[in-house]
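Structure assessment
Spelled out, the chains give:
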Amino acid sequence: DTLISQIAAGEVVERPASALRELLDNALDAGSTRITVRIAQGGLDMLSVEDDGCGIPPDELPLALARHATSKIASLADLEQAQSLGFRGEALASMAAVAEVEIVSRRRGQPGARISAANGRLGEVAPAAAAPGTLITLRRLFHEIPARRSFLKSAATEAGWCIEVFKRAAIAHPQVAWSLWQDGRAGMQLGPDSSPLGLQRLADVLGKSFAEHALPVDARIGPLAVRGLVCRPTAARARAEVQQCFVNRRWVRDRVLAHAVRAAYADVLHGALQPQYALLVELPPERVDVNVHPAKSEVRFRESQAVHQAVFHAVQRALAPALA
Ligand code: ADP
Ligand code: MG
(Lines give C-alpha, C1' and ligand atoms only; values in the text may rest on other atoms or scores of the structure.)
(Ligands and ions follow the chains in the order given, each with its own letter.)
Protein backbone atom coordinates (compact mmCIF):
# COMPACT_ATOMS: atom_id res chain seq x y z
CA ASP A 1 0.00 0.00 0.00
CA THR A 2 2.80 2.38 0.91
CA LEU A 3 4.66 1.37 -2.23
CA ILE A 4 1.68 2.01 -4.45
CA SER A 5 1.04 5.36 -2.85
CA GLN A 6 4.68 6.29 -3.38
CA ILE A 7 4.55 5.25 -7.04
CA ALA A 8 1.38 7.25 -7.54
CA ALA A 9 2.80 10.22 -5.66
CA GLY A 10 5.89 10.18 -7.82
CA GLU A 11 3.70 10.82 -10.83
CA VAL A 12 2.30 14.00 -9.27
CA VAL A 13 5.39 15.18 -7.47
CA GLU A 14 8.24 14.42 -9.76
CA ARG A 15 10.67 16.99 -8.43
CA PRO A 16 10.72 20.19 -6.35
CA ALA A 17 9.41 22.29 -9.23
CA SER A 18 6.30 20.14 -9.67
CA ALA A 19 5.62 20.28 -5.93
CA LEU A 20 6.04 24.05 -6.08
CA ARG A 21 3.56 24.32 -8.92
CA GLU A 22 0.94 22.41 -6.92
CA LEU A 23 1.57 24.52 -3.81
CA LEU A 24 1.25 27.73 -5.82
CA ASP A 25 -2.00 26.52 -7.38
CA ASN A 26 -3.34 25.93 -3.90
CA ALA A 27 -2.20 29.34 -2.65
CA LEU A 28 -3.85 31.00 -5.64
CA ASP A 29 -7.03 28.93 -5.19
CA ALA A 30 -7.13 30.25 -1.61
CA GLY A 31 -7.46 33.80 -2.93
CA SER A 32 -4.07 34.99 -1.74
CA THR A 33 -2.81 38.50 -2.44
CA ARG A 34 0.75 37.85 -1.24
CA ILE A 35 2.77 34.69 -1.80
CA THR A 36 6.27 33.99 -0.53
CA VAL A 37 8.36 31.11 -1.84
CA ARG A 38 11.48 29.85 -0.08
CA ILE A 39 13.80 27.21 -1.45
CA ALA A 40 16.97 25.70 -0.02
CA GLN A 41 19.31 23.60 -2.15
CA GLY A 42 17.00 23.80 -5.14
CA GLY A 43 14.07 22.61 -3.02
CA LEU A 44 15.83 19.32 -2.28
CA ASP A 45 16.41 20.32 1.36
CA MET A 46 13.46 22.62 1.81
CA LEU A 47 10.69 24.20 -0.19
CA SER A 48 7.98 26.37 1.33
CA VAL A 49 5.05 28.48 0.19
CA GLU A 50 3.48 31.01 2.51
CA ASP A 51 0.27 32.80 1.61
CA ASP A 52 -2.30 35.16 3.07
CA GLY A 53 -5.25 33.26 1.65
CA CYS A 54 -8.34 31.78 3.27
CA GLY A 55 -6.47 29.33 5.50
CA ILE A 56 -7.47 25.84 6.62
CA PRO A 57 -9.52 25.29 9.79
CA PRO A 58 -7.79 23.05 12.38
CA ASP A 59 -10.22 20.17 11.95
CA GLU A 60 -9.66 20.12 8.19
CA LEU A 61 -5.87 19.88 8.39
CA PRO A 62 -5.78 16.06 8.39
CA LEU A 63 -8.16 16.03 5.41
CA ALA A 64 -5.91 18.33 3.42
CA LEU A 65 -3.17 15.72 3.67
CA ALA A 66 -5.35 12.65 3.36
CA ARG A 67 -5.37 10.48 0.30
CA HIS A 68 -8.79 10.69 -1.30
CA ALA A 69 -8.44 7.90 -3.76
CA THR A 70 -6.96 4.99 -1.85
CA SER A 71 -9.50 2.52 -3.15
CA LYS A 72 -9.02 3.62 -6.75
CA ILE A 73 -5.38 2.75 -6.92
CA ALA A 74 -5.74 -1.01 -6.52
CA SER A 75 -4.16 -2.13 -9.77
CA LEU A 76 -1.75 -0.91 -12.39
CA ALA A 77 -4.65 -0.30 -14.79
CA ASP A 78 -6.29 1.87 -12.16
CA LEU A 79 -3.05 3.70 -11.66
CA GLU A 80 -2.92 4.61 -15.34
CA GLN A 81 -6.53 5.64 -15.27
CA ALA A 82 -5.88 7.86 -12.25
CA GLN A 83 -2.90 9.36 -14.00
CA SER A 84 -4.97 10.44 -16.95
CA LEU A 85 -7.44 12.08 -14.57
CA GLY A 86 -4.63 14.11 -13.16
CA PHE A 87 -4.84 13.07 -9.52
CA ARG A 88 -7.10 15.92 -8.62
CA GLY A 89 -7.17 16.35 -4.87
CA GLU A 90 -3.98 14.34 -4.55
CA ALA A 91 -1.23 16.94 -4.48
CA LEU A 92 -0.68 17.34 -0.74
CA ALA A 93 -1.31 13.67 -0.03
CA SER A 94 1.28 12.82 -2.64
CA MET A 95 3.81 15.15 -1.09
CA ALA A 96 3.14 13.64 2.33
CA ALA A 97 3.86 10.21 0.86
CA VAL A 98 7.31 11.10 -0.43
CA ALA A 99 8.57 13.87 1.85
CA GLU A 100 8.15 15.59 5.19
CA VAL A 101 5.30 18.07 5.01
CA GLU A 102 4.29 20.62 7.59
CA ILE A 103 1.23 22.82 7.36
CA VAL A 104 0.72 25.82 9.61
CA SER A 105 -2.52 27.59 8.90
CA ARG A 106 -5.08 29.95 10.27
CA ARG A 107 -8.46 30.94 8.99
CA ARG A 108 -9.53 34.44 10.00
CA GLY A 109 -11.57 34.31 13.19
CA GLN A 110 -10.25 30.86 14.12
CA PRO A 111 -7.23 29.65 16.06
CA GLY A 112 -4.09 28.72 14.18
CA ALA A 113 -2.95 25.11 14.02
CA ARG A 114 -0.27 22.91 12.59
CA ILE A 115 0.08 19.35 11.37
CA SER A 116 2.94 17.41 9.92
CA ALA A 117 3.33 14.22 7.98
CA ALA A 118 6.38 12.26 6.96
CA ASN A 119 6.58 9.56 4.35
CA GLY A 120 2.93 8.65 4.64
CA ARG A 121 2.54 8.93 8.42
CA LEU A 122 0.25 11.68 9.63
CA GLY A 123 0.90 13.53 12.90
CA GLU A 124 -1.56 15.15 15.31
CA VAL A 125 -3.11 18.58 14.90
CA ALA A 126 -1.60 21.00 17.41
CA PRO A 127 -2.31 24.65 18.21
CA ALA A 128 0.12 27.12 16.62
CA ALA A 129 0.59 30.84 16.43
CA ALA A 130 0.10 31.93 12.84
CA ALA A 131 -0.86 34.89 10.72
CA PRO A 132 -4.03 34.41 8.67
CA GLY A 133 -3.17 32.22 5.72
CA THR A 134 -1.15 29.09 5.16
CA LEU A 135 2.49 28.08 5.30
CA ILE A 136 3.35 24.72 3.78
CA THR A 137 6.89 23.42 4.11
CA LEU A 138 8.32 20.42 2.30
CA ARG A 139 11.53 18.85 3.50
CA ARG A 140 13.70 15.96 2.35
CA LEU A 141 11.84 15.16 -0.83
CA PHE A 142 12.36 11.50 -1.82
CA HIS A 143 14.88 10.98 0.99
CA GLU A 144 13.30 7.61 1.77
CA ILE A 145 12.89 6.65 -1.88
CA PRO A 146 16.33 6.27 -3.49
CA ALA A 147 14.85 5.13 -6.82
CA ARG A 148 13.00 8.42 -7.11
CA ARG A 149 15.83 10.46 -5.72
CA SER A 150 18.17 9.27 -8.42
CA PHE A 151 16.08 11.11 -11.02
CA LEU A 152 16.69 14.45 -9.37
CA LYS A 153 19.36 16.74 -10.79
CA SER A 154 21.80 19.03 -9.04
CA ALA A 155 20.53 21.64 -6.59
CA ALA A 156 21.37 24.35 -9.13
CA THR A 157 19.33 22.68 -11.88
CA GLU A 158 16.37 21.98 -9.59
CA ALA A 159 16.55 25.59 -8.36
CA GLY A 160 16.41 26.79 -11.95
CA TRP A 161 13.24 24.82 -12.58
CA CYS A 162 11.67 26.12 -9.36
CA ILE A 163 12.46 29.69 -10.37
CA GLU A 164 10.89 29.05 -13.76
CA VAL A 165 7.69 27.86 -12.06
CA PHE A 166 7.78 30.94 -9.81
CA LYS A 167 8.22 33.30 -12.77
CA ARG A 168 5.38 31.73 -14.73
CA ALA A 169 3.01 32.05 -11.78
CA ALA A 170 4.11 35.65 -11.21
CA ILE A 171 3.44 36.51 -14.87
CA ALA A 172 0.07 34.80 -14.86
CA HIS A 173 -1.04 36.53 -11.65
CA PRO A 174 0.11 40.16 -11.76
CA GLN A 175 -2.37 41.24 -9.07
CA VAL A 176 -0.54 39.11 -6.49
CA ALA A 177 2.59 40.30 -4.67
CA TRP A 178 5.33 37.69 -5.01
CA SER A 179 8.49 37.12 -3.07
CA LEU A 180 11.25 34.58 -3.69
CA TRP A 181 13.98 33.56 -1.26
CA GLN A 182 16.76 31.24 -2.31
CA ASP A 183 19.13 29.75 0.27
CA GLY A 184 18.31 32.61 2.63
CA ARG A 185 18.94 35.33 0.06
CA ALA A 186 16.27 37.57 -1.41
CA GLY A 187 15.36 36.76 -5.01
CA MET A 188 12.59 38.44 -7.01
CA GLN A 189 10.41 40.74 -4.96
CA LEU A 190 7.38 41.82 -6.97
CA GLY A 191 4.71 44.21 -5.78
CA PRO A 192 1.22 43.93 -7.27
CA ASP A 193 1.20 45.20 -10.84
CA SER A 194 -1.33 47.96 -11.34
CA SER A 195 -0.27 48.92 -14.87
CA PRO A 196 -3.28 49.05 -17.21
CA LEU A 197 -2.30 46.06 -19.36
CA GLY A 198 -0.54 44.14 -16.63
CA LEU A 199 2.60 44.27 -18.76
CA GLN A 200 4.82 45.78 -16.08
CA ARG A 201 4.94 42.41 -14.36
CA LEU A 202 6.05 40.78 -17.60
CA ALA A 203 8.85 43.30 -17.96
CA ASP A 204 9.90 42.87 -14.32
CA VAL A 205 10.02 39.10 -14.55
CA LEU A 206 11.61 38.77 -17.96
CA GLY A 207 14.30 41.28 -17.19
CA LYS A 208 15.75 44.47 -18.55
CA SER A 209 17.48 43.07 -21.63
CA PHE A 210 14.20 41.62 -22.81
CA ALA A 211 11.94 44.51 -21.82
CA GLU A 212 14.24 47.14 -23.38
CA HIS A 213 13.68 45.69 -26.83
CA ALA A 214 10.08 44.64 -26.37
CA LEU A 215 6.99 45.94 -28.12
CA PRO A 216 3.58 45.69 -26.46
CA VAL A 217 0.91 43.41 -27.84
CA ASP A 218 -2.64 44.38 -27.05
CA ALA A 219 -5.40 43.12 -29.27
CA ARG A 220 -8.97 42.08 -28.85
CA ILE A 221 -10.40 39.95 -31.62
CA GLY A 222 -13.95 38.82 -30.96
CA PRO A 223 -14.02 36.91 -27.68
CA LEU A 224 -10.22 36.64 -27.68
CA ALA A 225 -7.75 38.93 -25.95
CA VAL A 226 -4.04 38.77 -26.73
CA ARG A 227 -1.63 40.77 -24.57
CA GLY A 228 2.07 40.56 -24.03
CA LEU A 229 5.50 41.61 -25.20
CA VAL A 230 7.36 40.70 -28.36
CA CYS A 231 11.02 41.44 -28.90
CA ARG A 232 12.25 43.72 -31.65
CA PRO A 233 14.33 42.02 -34.32
CA THR A 234 17.46 43.91 -33.22
CA ALA A 235 17.23 41.99 -29.99
CA ALA A 236 16.93 38.64 -31.65
CA ARG A 237 20.51 38.00 -30.71
CA ALA A 238 19.75 38.66 -27.06
CA ARG A 239 20.80 35.80 -24.85
CA ALA A 240 17.47 35.58 -23.09
CA GLU A 241 15.43 32.75 -24.56
CA VAL A 242 11.89 33.87 -24.03
CA GLN A 243 9.07 31.98 -25.68
CA GLN A 244 6.25 31.89 -23.23
CA CYS A 245 2.53 31.47 -23.73
CA PHE A 246 -0.25 31.66 -21.18
CA VAL A 247 -3.86 30.74 -21.76
CA ASN A 248 -6.41 31.92 -19.22
CA ARG A 249 -3.66 32.47 -16.66
CA ARG A 250 -1.99 29.14 -17.15
CA TRP A 251 1.43 28.64 -18.66
CA VAL A 252 1.05 26.34 -21.62
CA ARG A 253 3.08 24.68 -24.30
CA ASP A 254 1.09 24.96 -27.50
CA ARG A 255 1.93 24.49 -31.14
CA VAL A 256 -0.89 26.60 -32.50
CA LEU A 257 0.27 29.64 -30.55
CA ALA A 258 3.97 29.09 -31.22
CA HIS A 259 3.30 28.65 -34.91
CA ALA A 260 1.16 31.78 -35.12
CA VAL A 261 3.93 33.86 -33.54
CA ARG A 262 6.60 32.41 -35.83
CA ALA A 263 4.40 33.07 -38.86
CA ALA A 264 3.89 36.70 -37.83
CA TYR A 265 7.64 37.22 -37.33
CA ALA A 266 8.33 35.68 -40.72
CA ASP A 267 5.63 37.79 -42.33
CA VAL A 268 6.84 41.11 -40.93
CA LEU A 269 10.57 40.56 -40.75
CA HIS A 270 11.23 38.11 -43.59
CA GLY A 271 14.27 36.72 -41.82
CA ALA A 272 14.97 33.50 -40.05
CA LEU A 273 14.74 35.24 -36.69
CA GLN A 274 14.09 33.39 -33.49
CA PRO A 275 10.95 34.96 -32.03
CA GLN A 276 11.27 36.19 -28.45
CA TYR A 277 7.93 36.73 -26.80
CA ALA A 278 5.63 36.33 -23.86
CA LEU A 279 1.94 36.27 -24.68
CA LEU A 280 -1.13 36.07 -22.52
CA VAL A 281 -4.19 34.80 -24.35
CA GLU A 282 -7.57 35.02 -22.77
CA LEU A 283 -10.75 33.49 -24.11
CA PRO A 284 -14.04 32.20 -22.72
CA PRO A 285 -13.39 28.93 -20.85
CA GLU A 286 -15.83 26.98 -23.00
CA ARG A 287 -13.61 27.60 -26.01
CA VAL A 288 -10.61 25.83 -24.57
CA ASP A 289 -9.77 22.68 -22.64
CA VAL A 290 -6.94 23.51 -20.29
CA ASN A 291 -5.00 20.76 -18.57
CA VAL A 292 -5.63 18.12 -21.15
CA HIS A 293 -2.74 16.61 -19.24
CA PRO A 294 -1.99 18.44 -15.98
CA ALA A 295 1.69 17.56 -15.97
CA LYS A 296 2.28 18.74 -19.51
CA SER A 297 0.38 22.01 -19.45
CA GLU A 298 -1.27 21.50 -22.79
CA VAL A 299 -4.44 23.03 -24.10
CA ARG A 300 -6.88 22.18 -26.83
CA PHE A 301 -8.67 25.04 -28.54
CA ARG A 302 -12.19 24.51 -29.85
CA GLU A 303 -11.47 26.73 -32.86
CA SER A 304 -7.74 26.65 -33.25
CA GLN A 305 -7.84 28.35 -36.65
CA ALA A 306 -9.50 31.43 -35.12
CA VAL A 307 -6.97 31.49 -32.29
CA HIS A 308 -4.11 31.16 -34.75
CA GLN A 309 -5.41 34.08 -36.80
CA ALA A 310 -5.97 36.29 -33.79
CA VAL A 311 -2.48 35.71 -32.43
CA PHE A 312 -0.94 36.10 -35.86
CA HIS A 313 -2.60 39.48 -36.40
CA ALA A 314 -1.91 40.69 -32.87
CA VAL A 315 1.80 39.95 -33.16
CA GLN A 316 1.99 41.22 -36.73
CA ARG A 317 0.52 44.54 -35.66
CA ALA A 318 2.81 44.79 -32.65
CA LEU A 319 5.92 44.15 -34.74
CA ALA A 320 5.02 46.63 -37.48
CA PRO A 321 6.69 49.64 -35.76
CA ALA A 322 9.92 47.67 -35.72
CA LEU A 323 10.09 48.10 -39.50
CA ALA A 324 9.99 51.87 -39.31
P1 ADP B 1 -6.81 20.03 -4.44
O2 ADP B 1 -6.14 21.33 -4.55
O3 ADP B 1 -6.95 19.35 -5.77
O4 ADP B 1 -8.11 20.07 -3.68
P5 ADP B 1 -4.56 19.40 -2.77
O6 ADP B 1 -4.01 18.10 -2.29
O7 ADP B 1 -3.67 20.27 -3.58
O8 ADP B 1 -5.86 19.05 -3.59
O9 ADP B 1 -5.09 20.21 -1.52
C10 ADP B 1 -6.00 19.60 -0.62
C11 ADP B 1 -6.87 20.61 0.08
O12 ADP B 1 -6.12 21.33 1.05
C13 ADP B 1 -7.46 21.70 -0.81
O14 ADP B 1 -8.64 21.28 -1.41
C15 ADP B 1 -7.69 22.82 0.17
O16 ADP B 1 -8.91 22.61 0.85
C17 ADP B 1 -6.58 22.67 1.17
N18 ADP B 1 -5.45 23.57 0.91
C19 ADP B 1 -4.26 23.23 0.38
N20 ADP B 1 -3.44 24.29 0.27
C21 ADP B 1 -4.13 25.36 0.75
C22 ADP B 1 -3.84 26.75 0.92
N23 ADP B 1 -2.64 27.25 0.58
N24 ADP B 1 -4.80 27.54 1.45
C25 ADP B 1 -5.99 27.03 1.80
N26 ADP B 1 -6.34 25.73 1.67
C27 ADP B 1 -5.43 24.90 1.15
MG1 MG C 1 -4.16 21.48 -5.28
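Residues numbered from 1 in each chain as written. Chains lettered and ligands numbered in written order. Predicted model: local features only at pLDDT ≥ 70, side-chain atom pairs only at ≥ 80, totals over all residues.

The name an unreviewed UniProt entry assigns to the protein chain is DNA mismatch repair protein MutL, from the organism Thiomonas delicata. Check the Sequence similarities (unreviewed entry) section of the UniProt entry for the protein chain; it says "Belongs to the DNA mismatch repair MutL/HexB family." (UniProt positions renumbered as here; feature names shortened; annotations may be inferred.)

1. Digging into unusual backbone geometry
Positive phi is not limited to glycine here, since Gln41 has a value of about 50°. Counting through the fold element by element, Gln41 comes out in the loop between strand E1 (34-40) and strand E2 (46-51). (Helix = DSSP H or I, 4+ residues; strand = E, 2+ residues; numbered from the N terminus.)

2. Concerning the sheet that holds strand E12 (residues 243-247)
Spatially, the five strands line up as an open sheet ordered E10-E11-E14-E12-E13, and their pairing is mixed. Whereas interior strands pair on both sides, the edge strands pair on one side only; in this sheet they are strand E10 (214-221) and strand E13 (250-252). Each strand axis lies, on average, 20° off the axis of its neighbour in the sheet, ignoring direction. The pairing of E12 with strand E14 (residues 277-282) spans five bridges and is classified as parallel. Looking across to E14, one finds that Gln244 is bridged to Ala278. Most of the contacts of helix H8 (residues 199-206) go to strand E11 (residues 224-231), to which it runs at about 35°, and overall it touches E10, E11 and E14. Most of the contacts of helix H11 (residues 304-319) go to E10, to which it runs at about 140°, and overall it touches E10, E11 and E14. (Pairing = 2+ DSSP bridges. Axes fitted to C-alpha atoms, helices over the stretch in contact; angles between N-to-C directions. Contact = placed C-beta atoms within 7 Å.)

3. A few points about the packing of helix H10 (residues 255-269) against H11
It is at 8 Å that the axes of H10 and H11 come closest, and there the two elements cross at 40°. As the angle between them shows, H10 and H11 are arranged oblique. Seen along the crossing, H10 lies across H11 with a hand that is right-handed. From H10, Val256, Leu257, His259, Ala260, Val261, Ala263, Ala264, Tyr265, Asp267, Val268 and Leu269 reach across to H11, where they touch Ser304, Val307, His308, Val311, Phe312, Val315, Gln316 and Leu319. Among the residues forming the contact of H10 with H11, the class breakdown is 14 nonpolar, four polar and one charged. (Parallel < 35°, antiparallel > 145°, perpendicular 65-115°, else oblique. Left-handed = near helix turned anticlockwise from the far one by under 90°. Nonpolar A, V, L, I, M, F, W, Y, C, P; charged D, E, K, R; others polar.)

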